[in-house]
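These are the residues of each chain, in order.
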Amino acid sequence: MIDPVQRLVFRGQIHPGREAALQATLPDLQTTLARHVVADDILTLSLFTWHQHIFLYYECPGEAIAPADLVGDIDSALAPWPDTTTSHVWAPMMDIFHYNQPQSVEHWRRDTPPEACTARIIYLRPEMVSSYIFLHYQMQEEKPGTGDKYGQISIHENLLLFYMEQPAKKEAALHKGQLKTQHTPPNWHEVMFPHFQPWDGMEEKGEWQLAEGSQLWRPIELLCSV
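Remember, it's a predicted structure, so these values are computed and weren't measured experimentally. (Residues numbered from 1 in each chain as written. Predicted model: local features only at pLDDT ≥ 70, side-chain atom pairs only at ≥ 80, totals over all residues. Heavy atoms only, no water.)

Caption draft 1: Molecular detail of the pattern of salt bridges. Here the structure, examined in full by the defined rule, presents seven salt bridges. In this structure, Glu59 engages Arg110 in a salt bridge whose closest nitrogen and oxygen atoms are separated by 2.6 Å. Taken together, the positions of Glu59 in strand E3 (residues 53-61) and Arg110 in the loop between helix H3 (105-108) and strand E6 (116-123) put the pair 51 residues apart, joining distant regions of the chain. In terms of burial, Glu59 and Arg110 fall into one category: buried. Ionic contacts of the salt-bridge type, sharing partners, join the residues Arg7, Glu59, Arg110 and Glu165 into one network. (Salt bridge = Lys/Arg side-chain N within 4 Å of Asp/Glu carboxyl O. Helix = DSSP H or I, 4+ residues; strand = E, 2+ residues; numbered from the N terminus. Buried < 20%, exposed > 50% of the residue type's maximum accessible area, 1.4 Å probe, protein only.)

This is the structure in structure tokens:
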């Protein structure tokens, strides 16, 4: 059975030296994407960047559309993923946590556009990936609907992308969680802290010990959004 709305996240790499070419495509891309929204091919789409990294988040009512059919115009500015036998430029990121989930297209469609689509990133310690996913699945299924309706964490390798919309929309979940337990740790930030890999230089500067990981999640730049 196909979910009523497909939430898709991809990660790419900007080819060194092609940053200006990427920026030049954005006005026309924005126009093209707006047409896709009007045609109801997608509900929303956002492109984000951080250094040479580029991230794509979008939602399709019904069957998923490939990134090349939506943002293919920027593919020439992207580098193929290393150590692969294909020339693909987008690597799929897996949904490992969401506060809410679509029950129908109308349930998920925004009444008004958000003021801002935002994202932030962080690296997990590789040996802590399974623990992080376990604890987040536990919270997701014990306490559905406890945060931003559209908030979602996705993973590729050990890099996390946290997509959010502002202002956050708080809405009780229409679905029941898969777990009947109540084991989500009350000291959530304290439990999460050891999972994160510090950024270069943080341990030397003492920033690694700041409360609640305030220096760990890094906000990233929005390139375009519809």
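Caption draft 2: The pairing of strand E8 (residues 159-166), seen in detail. The buried count for E8 comes to seven of eight residues, which makes it a mostly enclosed element. Of the pairings in the sheet, the one linking strand E7 (residues 152-156) to E8 comprises five bridges and is antiparallel in character. Bridge pairing in E8 links Gln152 to Tyr163. The antiparallel hairpin formed by E7 and E8 contains two residues in its connecting segment, where Glu157 sits at a positive phi of about 55°. (Pairing = 2+ DSSP bridges.)

Caption draft 3: Spotlight on the pairing of E6. Note: E6 against E8, eight bridges, orientation antiparallel. Pairing of Ile122 across the sheet is with Leu160, part of E8.

Caption draft 4: Quick peek at the environment of His136. Note on placement: His136 falls in helix H4 (residues 129-142). Given the relative accessible area of 4%, His136 is considered buried. Sequence separation between His136 and His98 is 38 residues, and the spatial gap between their C-alpha atoms is 8.8 Å. In contact with His136, other than residues within four places in its own chain, are Ile96, Phe97, Ile153, Trp188 and Met192. (Contact = heavy atoms within 4.5 Å.)

Caption draft 5: Structural detail: helix H1 (residues 19-38). A rise of 1.5 Å per residue sets the reference length of H1, with its 20 residues, at 28 Å; its end C-alpha atoms lie 29 Å apart and thus fit the reference within 8%. Where H1 is buried, its residues meet strand E1 (5-14), strand E2 (44-50), E3, helix H2 (68-71) and strand E10 (221-225). Residue Asp40 follows H1 closely and has a positive phi angle near 65°. (Expected span 1.5 Å × (residues − 1).)

Caption draft 6: Representation of the side chain of Thr184 in the model. In this structure, Thr184 sits in the loop between E8 and helix H5 (188-192). Separated by 2.7 Å, the side chains of Thr184 and Glu142 make a polar contact. Beyond its immediate sequence surroundings of up to four residues, Thr184 is in contact with Gln138, Met139, Glu142 and Lys143. (Polar contact = N/O pair within 3.5 Å; in protein donor to acceptor, adjacent residues only side chain to side chain.)

Caption draft 7: Looking closely at the packing of aromatic side chains. Inspection of the entire model under this criterion finds ten aromatic pairs. Where Tyr123 meets Trp199, the ring centres are 5.5 Å apart and the plane angle is 70°; that geometry is what we call edge-to-face. Here Tyr123 is found in strand E6, whereas its partner Trp199 is found in the loop between H5 and helix H6 (202-205), with 76 residues between them in sequence. One exposure class covers both Tyr123 and Trp199, and it is buried. Through a chain of ring-to-ring contacts, the aromatic side chains of Tyr132, Phe162, Phe196 and Trp217 assemble into a single cluster. Cation over ring: Arg120 sits above Trp217, and NZ or CZ is 5.1 Å from the ring centre. (Phe/Tyr/Trp six-rings, centres within 6.5 Å; stacked < 30°, edge-to-face > 60°. Lys NZ or Arg CZ within 6 Å of the ring centre and 35° of its normal.)

Caption draft 8: Molecular detail of H4. For H4, with 14 residues, the first-to-last C-alpha span of 20 Å sits near the 20 Å given by 1.5 Å per residue. For H4, every residue scored as buried is listed here: Val129, Tyr132, Leu135, His136, Gln138, Met139, Gln140, Glu141 and Glu142. Looking at the buried positions of H4, the neighbouring elements they touch are strand E5 (91-98), E7, E8 and H5.

Caption draft 9: Quick look at the environment of Leu179. For Leu179, the position within the fold is in the loop between E8 and H5. Take Leu179: its relative accessible area is 30%, and that puts it in the partly exposed class. A C-alpha to C-alpha distance of 14 Å links Leu179 and Gly145, two positions 34 residues apart in sequence. If we skip the residues at most four places from it in the chain, Leu179 touches Tyr137, Gln138, Glu141 and Glu142.

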